[in-house]
Number of protein chains: 2
Amino acid sequence: MSSDRLPRILRPHRLSEEVGAVLDRRIRSGAFAPGERLPTEARLSEEFAVSRTVVREAIARLKADGLVESRQGAGAFVARPLGAGVFRMGSGLAEAEGAHEIFELRLIVEVAAAERAALRRTPEQLEAMAAALARMEVALTRGEDGAMADDDFHCAIATASGNPLIGRFVAFVSQEFSASRAPTWSAEGVAGGLAGAAQDEHRAVFEAIAAGDAELARQAAQQHLVSAAGRLGVVVPTLLAADLQHIDKGMA
Amino acid sequence: MSSDRLPRILRPHRLSEEVGAVLDRRIRSGAFAPGERLPTEARLSEEFAVSRTVVREAIARLKADGLVESRQGAGAFVARPLGAGVFRMGSGLAEAEGAHEIFELRLIVEVAAAERAALRRTPEQLEAMAAALARMEVALTRGEDGAMADDDFHCAIATASGNPLIGRFVAFVSQEFSASRAPTWSAEGVAGGLAGAAQDEHRAVFEAIAAGDAELARQAAQQHLVSAAGRLGVVVPTLLAADLQHIDKGMA
DNA sequence: GCGGAGAAAGTTGTCTGACAAGTAGACAAA
DNA sequence: TTTGTCTACTTGTCAGACAACTTTCTCCGC
């Protein structure tokens, strides 16, 4: 059960979103085959009992997602390579993905990023990491919130991987956890030593990257992310075979 | 103001797309700060000399991308966590990411997927992999196109990772290469032994997963993806430190 | 009968005007 | 100062119209 963010209680009734969600489901479920033509806007507006304006805005979202392509005069068609274009966490439908699944993907990419950062980082990028680390250090001693610096630290590592795509992806994934980082950096988290533990792990990752030791960076990053997940109450399967099968059995 | 005249797109002129692209750029470039209110629809329609309908559709895309949130009666605002919501390859702007960068991300995730699939795959999932492998085998002997079976094989592994998010992400990333898979499975590729080499690598990955050997699966998957990149003329940096720094130097 | 030109119908793209729903700031009253 | 109301403004939705374009069908010449 994913912890919903703040303004999720009130859901402003928006017709175009509802229509868009229905069409999204129909397309992904295969009710409309790839390449097939959608009903006309007039027909859809009739079916949903809304104006064509609403239908058009709904379809505009599907086009933005790469699910639909439209040709003036011909109609709107389900994209041939279905589901192309964008990748979103919530999958659009039910929030099927749990926190531990998002965290595992994050772990995979961030560990790889740390590994590469150890080998490719420029002095400037190392400096950016050090700056974020220092900001967390300050926040820790003053008992302030270092969540943003925490975020920056992770993104700095991803950027230092030398692959801008990895940088963007880490920034994207970590945003899913921007709210979840709070427990570590809350007043209780800092007092209880959670933030201190996280900072120790951060230092280990940083030193490994600074030393250019890819294997050590990999281990330190993995250790940090698994621990971070634990601080959030999320169980992330590690890479160890024995542990993995054990955890899997436990989760199933 | 900023007279960024819309770049002539090859596609049929679509006003809402052009307006959306301009607003997209302005937001990402920071011309509109996160949390800041956008100009009203009436004002934008005046500035771009288009109707409010066009402006609304452009903003609908930005809302779908999570760049903008709108509140009836209040206005449209730049999302506070900027760029949230979706992850797209082309970044929306210029196609900055090169093939080797996309391939590296793909390699990271698919290798991890194979590793996990070796430990978690169910008999049914193993069967799905075997089926895709067999279809490629048939295509190979008959000289037919096995690109789709190739795709299915990779996706089957990702699905067997036990993390649906990984499955979806691999499907997403591999779609970027759906066109690029052609060289391997073209008539020349099959005759020239490219498809045969790929199939040997596929078998190695499959057998490692079937045997439940995570480390072997990891190595086989990495070997396959690096070779596959080579067949497309893409240089993917491997994980070896010496190689990495060498390649980086060569690419820079 | 067959092929091609052209008309006709249908569909998306855009424009215009209007009203409902909701918000924020000003202002008056307690 | 606080509270309630009012007003101007903004987004959401509706309806109708026309332009641009595609597809289909008809009709004509052969």
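Remember, predicted model here, so these are calculated numbers, not experimental data.

Trainee: Hey, could you run me through the overall build of chain A in this one?
Mentor: Of the regular secondary structure elements, chain A holds 12 helices and 3 strands. Taken across its 252 residues, chain A has 41% of its residues classed as buried. Considering only contacts in chain A between residues 6 or more positions apart, those separated by 24 or more positions represent 63%.

Trainee: Would you take a moment to explain the protein's contact with DNA strand C for this structure?
Mentor: Near DNA strand C lie 21 residues; those nearest to it are A:Thr40, A:Gly73, B:Leu15, B:Ser51 and B:Gly73. Elements with a minimum of two residues in the surface near DNA strand C: helix 2 (41-48) and strand 2 (75-78) of chain A together with helix 1 (15-29) and helix 3 (52-64) of chain B. Broken down by element, the surface near DNA strand C gets its largest block of residues, 3 residues, from helix 3 of chain B. Across the surface near DNA strand C, the residue classes tally to 6 nonpolar, 10 polar and 5 charged.

Trainee: I tried to follow the protein's contact with DNA strand D on my own but got confused; where do I start?
Mentor: Taken together, the neighbourhood of DNA strand D is formed by 20 residues, with A:Leu15, A:Val50, A:Ser51, A:Gly73 and B:Thr40 sitting nearest. Listing elements by their share of the surface near DNA strand D, those giving two or more residues are helix 1 (15-29) and helix 3 (52-64) of chain A together with helix 2 (41-47) and strand 2 (75-78) of chain B. When its residues are assigned to classes, the surface near DNA strand D shows 6 nonpolar, 10 polar and 4 charged.

Trainee: How do you make sense of helix 3 of chain B when you look at a structure like this?
Mentor: Each α-helix winds once per 3.6 residues, and so residues spaced three or four apart point in a common direction. Taking 1.5 Å of rise per residue, the 13 residues of helix 3 of chain B would be expected to cover 18 Å, and the 18 Å separating its terminal C-alpha atoms lies within 8% of that figure. Most of helix 3 of chain B sits out of view: 11 of its 13 residues are buried. For helix 3 of chain B, the complete set of buried residues consists of B:Val54, B:Val55, B:Arg56, B:Glu57, B:Ala58, B:Ile59, B:Ala60, B:Arg61, B:Leu62, B:Lys63 and B:Ala64. Residues of helix 3 of chain B that are buried make contact with helix 3 of chain A together with helix 1, helix 2, strand 1 (68-71) and strand 2 of chain B.

Trainee: I keep staring at the environment of B:Arg14 and nothing clicks. Help me out?
Mentor: All names here are of chain B. Inspection of the secondary structure puts Arg14 in the segment before helix 1. For Arg14, a count of 16 C-beta atoms within 10 Å puts it in the partly exposed group. Between the C-alpha atoms of Arg14 and Glu201, which are 187 residues apart in sequence, the distance is 45 Å.

Trainee: I would appreciate a short explanation of the packing of helix 4 (residues 99-120) of chain B against helix 10 (residues 194-211) of chain B in the present structure.
Mentor: A pair of packed helices can be characterised by two numbers: the angle between their axes and the separation between those axes. Residue and element names in this part refer to chain B. Here helix 4 crosses helix 10 at 40°, and the two axes come no closer than 6 Å. Considered as vectors, helix 4 and helix 10 are oriented oblique to each other. Contacts between helix 4 and helix 10 involve Ala114, Ala117 and Ala118 on the former and, on the latter, Val205, Ala208 and Ile209.

Trainee: Help me out: how do you make sense of helix 11 (residues 214-231) of chain B in this one?
Mentor: Residue and element names in this part refer to chain B. In this model helix 11 runs 25 Å from its N-terminal to its C-terminal C-alpha over 18 residues, within 8% of the 26 Å that 1.5 Å per residue would give. When helix 11 is considered as a whole, its buried residues turn out to be Ala214, Ala217, Arg218, Ala220, Ala221, Gln222, His224, Leu225, Ala228 and Ala229. Gly233 sits one or two residues past helix 11 and shows a positive phi near 80°.

Trainee: What should I look at first to understand the pairing of strand 2 of chain A in this one?
Mentor: On a regular strand, one side chain projects to one face of the sheet and the next to the other, so that they alternate. Residue and element names in this part refer to chain A. A one-sided burial pattern is seen for strand 2, the buried positions being Ala76 and Val78 and the unburied ones Gly75 and Phe77. As judged from the 4 bridges shared by strand 1 (residues 68-71) and strand 2, these two strands associate in the antiparallel manner. Opposite Glu69, over in strand 2, you have Phe77 as the bridge partner. Turn length for the strand 1-strand 2 hairpin, with the two strands adjacent in sequence and antiparallel, is 3 residues, and the turn residue Gly73 shows positive phi of about 90°.

Trainee: Looking at this structure, I do not really get unusual backbone geometry. What am I missing?
Mentor: In terms of backbone geometry, most residues other than glycine have negative phi values and most peptide bonds are trans. All names here are of chain A. Positioned with a positive phi, Ala49 is a non-glycine residue whose angle comes to about 60°. Following the sequence through the fold, Ala49 ends up in the loop between helix 2 and helix 3. We classify Ala49 as exposed; it has 8 C-beta atoms within 10 Å.

Trainee: Looking at this structure, how should I read the environment of A:Gly75?
Mentor: All names here are of chain A. With respect to the helices, strands and loops of the structure, Gly75 is situated in strand 2. Distance from Gly75 to Arg37, taken between C-alpha atoms, is 6.7 Å for residues 38 residues apart in sequence. If near-sequence neighbours (up to four positions away) are discounted, Gly75 is found in contact with Arg37, Leu38 and Thr40.

Trainee: It is not clear to me how the environment of B:Gln219 should be interpreted in this structure. Could you clarify?
Mentor: Residue and element names in this part refer to chain B. Positionally, Gln219 belongs in helix 11. For Gln219, a count of 17 C-beta atoms within 10 Å corresponds to the partly exposed category. Distance in space between the C-alpha atoms of Gln219 and Gly75 is 53 Å, their sequence separation being 144 residues.

Trainee: Could you clarify how one ought to interpret the packing of helix 4 (residues 99-120) of chain A against helix 11 (residues 214-231) of chain A in this entry?
Mentor: Residue and element names in this part refer to chain A. Orientation of helix 4 relative to helix 11, taken along the N-to-C sense of each, is 150°, at an axis distance of 8 Å. Looking at the two axes, helix 4 sits roughly antiparallel to helix 11. As helix 4 packs across helix 11, the resulting crossing turns out to be right-handed. Here helix 4 contributes Phe103, Arg106, Leu107, Glu110, Val111, Ala114, Glu115, Ala117, Ala118 and Leu119 to the contact with helix 11, which in turn contributes Ala214, Ala217, Arg218, Ala221, Gln222, Leu225 and Ala229. Class assignment for the residues of the contact of helix 4 with helix 11 results in 12 nonpolar, 1 polar and 4 charged.

Trainee: Is there a simple way to explain the confidence of the model for chain A in this structure?
Mentor: Low pLDDT marks regions whose predicted coordinates should not be analysed in detail. Residue and element names in this part refer to chain A. Confidence in the prediction of chain A, expressed as mean pLDDT, is 80, and 75% of residues score 70 or more. Below pLDDT 50 for its whole length, residues 1-11 participates in 4 contacts with residues either more than four positions away or in separate chains. Below a pLDDT of 50 lies the segment residues 91-96, which in the model reaches 8 contacts outside its immediate sequence neighbourhood of four places, other chains included.

Analysis parameters
- The residue numbering used here restarts from 1 in each chain and proceeds along that chain's sequence as written.
- To read the labels, note that chains go from A and ligands from 1, taken in the order they are written.
- Thresholds applied to this predicted model are a pLDDT of at least 70 for local features of residues and 80 or more for the giving and counting of side-chain atom pairs; totals over whole chains, interfaces and linings are not thresholded and use all residues.
- Going along the chain from the N terminus, every DSSP run of H or I of four or more residues is numbered as a helix, and every run of E of two or more is numbered as a strand.
- Three classes are used. A residue is buried when 20 or more other C-beta atoms lie within 10 Å of its own, exposed when 12 or fewer do, and partly exposed in between, with C-beta atoms placed from the backbone.
- A pair of residues counts as a contact when their C-beta atoms, built from backbone coordinates, are separated by no more than 7 Å.
- In this analysis a residue is considered near a molecule or strand if the C-beta atom, reconstructed from its backbone, is found within 6 Å of that molecule or strand.
- The residue classification treats Ala, Val, Leu, Ile, Met, Phe, Trp, Tyr, Cys and Pro as nonpolar and Asp, Glu, Lys and Arg as charged. All others, Gly included, are polar.
- Given a helix with a known number of residues, its expected span is that number minus one, times 1.5 Å.
- For every element, the axis is a line fit to its C-alpha atoms; helices are fit only across the contacting stretch, and the angle between N-to-C directions ranges from 0 to 180 degrees.
- Every angle not falling under 35 degrees, over 145, or within 65 to 115 is termed oblique; those three ranges are roughly parallel, roughly antiparallel and roughly perpendicular.
- We treat two strands as partners when DSSP finds at least two bridges between them.
- Here a crossing is taken to be left-handed if its near helix is turned anticlockwise relative to the far helix by less than a right angle, and right-handed if that turn runs clockwise.
- Note: pLDDT gives the predictor's confidence per residue, expressed from 0 to 100.

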